[in-house]
Amino acid sequence: PTVFADDPGRCIPMVIVGPGGVFPVNMITEDPKKHGFVDPSPSLLAGSAELEKRLKTDVQPVIGFFRHRKNYQNPHEEIRLFTLPELYAYLESRPVTLNAVDIKQIEIILKYLANLPR
């Protein structure tokens, strides 16, 4: 679910949580060269920083692309860029850093931050 949806300056459209860590994700669905394209990296970084503070664990912000990422220039080295297949492979290759109890606690906090029923 979307986290910090009420604040466009730090809105995170989705968060992936698993044994390999916490990954705030923003998928780009339009061509970055198009007129009117809005770069999601500033709000993703701001939201990731706030999320890291609230969860008390490291998060790795990710911008994803359905096909290719050749037209996007990443202005922030702390954001990882992946196509969808690359993202799946990256998540599968991550070493285990969170146990089941950690994941459950993170999910509880994410539900609260996304204004979902508990």
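Thresholds applied
Residues numbered from 1 in each chain as written. Predicted model: local features only at pLDDT ≥ 70, side-chain atom pairs only at ≥ 80, totals over all residues. Heavy atoms only, no water. Pairing = 2+ DSSP bridges. Helix = DSSP H or I, 4+ residues; strand = E, 2+ residues; numbered from the N terminus. Axes fitted to C-alpha atoms, helices over the stretch in contact; angles between N-to-C directions. Contact = heavy atoms within 4.5 Å. Phe/Tyr/Trp six-rings, centres within 6.5 Å; stacked < 30°, edge-to-face > 60°. Buried < 20%, exposed > 50% of the residue type's maximum accessible area, 1.4 Å probe, protein only. Lys NZ or Arg CZ within 6 Å of the ring centre and 35° of its normal.

Chemist: Explain the sheet that holds strand β1 (residues 14-18) to me, using residue names and the numbers behind them.
Modeler: The mixed open sheet is built from four strands, whose spatial order is β1-β2-β3-β4. At either end of the open sheet lies a strand with only one pairing partner, and these are β1 and β4 (80-83). Averaged over all adjacent pairs, the angle separating strand axes in this sheet is 35°, with direction ignored. On top of the sheet, helix α1 (residues 41-55) reaches β1, β2 (21-28) and β3 (62-65); it is set at about 160° to β2, its chief contact. Across the sheet, helix α2 (residues 84-93) lies against β1, β2, β3 and β4, angled at about 115° from β4, the strand it touches most.

Chemist: Please provide a residue-by-residue account of the packing of aromatic side chains, values included.
Modeler: The final tally for this structure, using the stated rule, is four aromatic pairs. Plain terms: the ring middles of F23 and Y90 are 6.0 Å apart, the flat faces sit at 80° to each other, and that makes the pair edge-to-face. Highlighted residues: F23 in strand β2 and Y90 in helix α2, separated in sequence by 67 residues. For the residue pair F23 and Y90, the accessibility class agrees, reading buried in each case. Relative to Y72, the ring of F37 lies with its centre 6.4 Å away and its plane at 75°, an arrangement referred to as edge-to-face. Separated by 35 residues along the polypeptide, F37 in the loop between β2 and α1 and Y72 in the loop between β3 and β4 bring together distant segments of the chain. Following the ring pairs from residue to residue traces out a cluster consisting of F23, F82 and Y90. Positioned above the aromatic ring of F4, the side-chain terminus of R10 is 4.4 Å from the ring centre.

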